Amino acid sequence: MKIIVTGGAGFIGSNFVHYVYRERPDWHITVLDALTYAGNRANLEGLDPSRVTFIEGNITDAELVDKLVAEHDAVVHYAAESHNDNSLKNPRPFLDTNIIGTYTILEAVRKHGKRLHHISTDEVYGDLELDDPNRFTENTPYNPSSPYSSTKAGSDLLVRAWVRSFGVQATISNCSNNYGPYQHVEKFIPRQVTEILEGRRPKLYGTGENVRDWIHTEDHSSAVLTILEKGAIGETYLIGADGEKDNKSVVELILTEMGKGADEYDHVNDRPGHDMRYAIDSTKLRTELGWMPKFTDFEAGLKSTIDWYTANESWWKPQKAETEAKYAK
Ligand code: NAD
Ligand code: TDX
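Residues numbered from 1 in each chain as written. Chains lettered and ligands numbered in written order. Predicted model: local features only at pLDDT ≥ 70, side-chain atom pairs only at ≥ 80, totals over all residues. Heavy atoms only, no water.

K.L.:
I'm lost on the layout of surface pockets in this one. Help?
P.N.:
Over the atoms, a rolled probe matching the size of one water molecule traces out where space is still vacant. In this structure, the second largest pocket spans a volume of roughly 550 Å³. As for the second largest pocket, its lining consists of 25 residues, and the residues nearest its centre are D85, N86, K89, K326 and Y327. At the level of secondary structure, the elements contributing two or more residues to the lining of the second largest pocket comprise α3 (84-89), α4 (92-112) and α11 (313-328). Considering each element in turn, the lining of the second largest pocket owes the most residues, 5 residues, to α11. Residue composition of the lining of the second largest pocket, grouped by class: 9 nonpolar, 6 polar and 10 charged. (1 Å grid on protein atoms, 1.4 Å probe; cavity = no way out; pocket = protein on both sides within 12 Å on 5 of 7 lines; lining within 4 Å. Points joined across faces, edges and corners; volume = space filled by probe spheres on them. Helix = DSSP H or I, 4+ residues; strand = E, 2+ residues; numbered from the N terminus. Nonpolar A, V, L, I, M, F, W, Y, C, P; charged D, E, K, R; others polar.)

K.L.:
Where do I start with the side chain of R51 in this structure?
P.N.:
As for its position among the elements, R51 is in the loop between β2 (28-33) and β3 (52-56). Although R51 is buried, it makes no salt bridge; D48 carries the closest opposite charge, 5.8 Å away. A polar contact of 2.7 Å, which involves the side chain of R51, links it to the backbone oxygen of Y21. A distance of 3.3 Å separates a polar side-chain atom of R51 from the backbone oxygen of P25. (Buried < 20%, exposed > 50% of the residue type's maximum accessible area, 1.4 Å probe, protein only. Lys, Arg positive; Asp, Glu negative; His and termini not counted. Salt bridge = Lys/Arg side-chain N within 4 Å of Asp/Glu carboxyl O. Polar contact = N/O pair within 3.5 Å; in protein donor to acceptor, adjacent residues only side chain to side chain.)

K.L.:
What is the right way to look at the site of ligand 1 in this model?
P.N.:
For ligand 1, the set of nearby residues contains 28 residues, the closest of which are I12, D33, S82, Y148 and K152. A distance of 2.9 Å is found between a nitrogen atom of ligand 1 and a side-chain nitrogen or oxygen belonging to T97. K152 has a polar side-chain atom sitting 2.7 Å from an oxygen atom of ligand 1. Of all the elements in the fold, those that place two or more residues in the shell around ligand 1 are α1 (11-23), β5 (115-121) and α5 (147-166). Ranked by residues supplied to the shell around ligand 1, first place goes to β5 with 3 residues. (Near = heavy atom within 4 Å.)

K.L.:
What's the story with the side chain of S282 in this structure? I'm lost.
P.N.:
Within the secondary structure, S282 is located in the loop between β13 (266-268) and α9 (283-289). Note on S282: relative accessible area 3%, which makes it buried. Looking at S282, its side chain comes within polar contact range of the main-chain oxygen of G240, at 3.1 Å. Filtering out sequence-adjacent residues up to four positions away, S282 remains in contact with L238, I239, G240 and W291. (Contact = heavy atoms within 4.5 Å.)

K.L.:
What should I look at first to understand empty space enclosed by the protein in this one?
P.N.:
Summed over all chains, the structure comprises 1 cavity of 30 Å³ or more. Within this model, the largest cavity holds a volume of roughly 30 Å³. Taken together, I4, T6, L32, V65, V69, V75 and I105 form the lining of the largest cavity. Going through the elements one at a time, β1 (2-6) and α2 (62-70) are the ones with two or more residues in the lining of the largest cavity. Taken together, the residues of the lining of the largest cavity break down into 6 nonpolar, 1 polar and no charged.

K.L.:
Help me understand the environment of G39, please; the structure alone is not making it clear to me.
P.N.:
Here G39 lies in the loop between β2 and β3. With relative accessibility at 18%, the residue G39 sits in the buried group. Between the alpha carbons of G39 and Y182 there is a distance of 9.9 Å; along the sequence they are 143 residues apart. Here G39 is in contact with A9 and D33, once residues within four sequence places are set aside.

Set out below in structure tokens:
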């Protein structure tokens with residue numbers, strides 16, 4: 001197999017590249033990544049260049065995408081503008097990359113008859129009340145809240161339409177909140193860990209009662225590989241590991257693990273339109289394709305993630321000041 005991984009220099013894409021590199025030694029991986037502020041070549045260090053090719057390029061570049069798709073068997077499409085807070089400040093790049101970029105890839109896989117797996121998010125379903133007994137399933141209606149999640153929803157709908165109208169060989173997955181190594185310090189867990197490492201207090205939006213359904217990025221990778229190899233064309237699979245936690249509890253766990261008092265954090269202004277709760281029912285993926293998450297001990301996974309950021313200051317330091325300057329503004 002020769003696969004293209006778009007966004008393979010970002011957080012989840014690079015973890016997937018490492019995963020496939022280990023699990024499928026006879027595959028060749030081409031990473032197509034524009035190296036935006038979120039992309040980092042260091043995420044792919046140590047990989048044999050005869051097995052992993054890096055191409056710096058934009059997924060909206062139709063000529064480049066067409067040429068690469070013609071030379072490969074499948075595309076796993078992670079590239080996106082991924083941060084809700086950025087989308088509230090400046091939505092335009094989200095439209096360009098998430099909508100036009102996905103359209104560009106769809107046109108190329110359609111022309112060359114190649115397999116596509118499209119990576120998406122549970123945020124397309126909007127949010128749940130804290131006491132809602134239901135969780136998101138593949139049949140939950142789309143109801144996105146932010147510019148980010150609405151562009152991801154739009155990209156999913158394009159994929160569905162290209163499957164139905166043009167017979168494109170695509171699958172879609174919608175995953176819950178990922179954590180693990182190589183996550184940009186703008187995101188919740190790495191932001192709080194690096195704030196503490198720099199001697200400042202974590203910052204909780206609003207009351208902190210909002211719930212996210214955490215999954216280790218390694219489990220996301222194994223789920224995506226399972227769908228790529230065994231998924232039924234045209235189907236959507238939800239990926240989740242039963243990891244619901246409210247933000248306040250996560251901050252308290254981080255503080256305790258890092259030797260601080262559990263209450264040594266600040267409440268800051270809430271995110272406009274802040275989704276209250278995400279929760280995934282991944283029964284379809286588990287029963288139809290036999291996938292199971294392995295890293296379901298959240299406290300152990302959080303501890304190893306804290307250890308990774310503690311040991312890899314040179315990785316996150318260059319992004320940190322710029323990220324906090326953005327937040328301060
Ligand atoms: P990220 O922001 O860490 O990485 C995105 C990568 O895409 C970067 O390497 C960036 O350089 C690249 N990129 C951005 N625009 C590009 C363009 N126009 N052309 C080529 N490359 C471009 O994002 P992430 O958190 O790793 O998310 C990856 C994917 O997973 C996204 O599609 C996101 O919607 C989805 N997802 C994320 C989560 C999560 O918890 N982070 C959960 C579910 C789904
Ligand atoms: O400083 C913070 N304080 C805080 O309380 C930050 C950065 C976030 N938060 C809250 C907001 C959310 O309730 O923490 C929660 C998680 O925030 P993010 O890390 O920004 O993630 P979220 O908005 O939930 O979206 C993430 O999961 C779904 C990814 O960024 C998306 O790409 C993915 O689709």
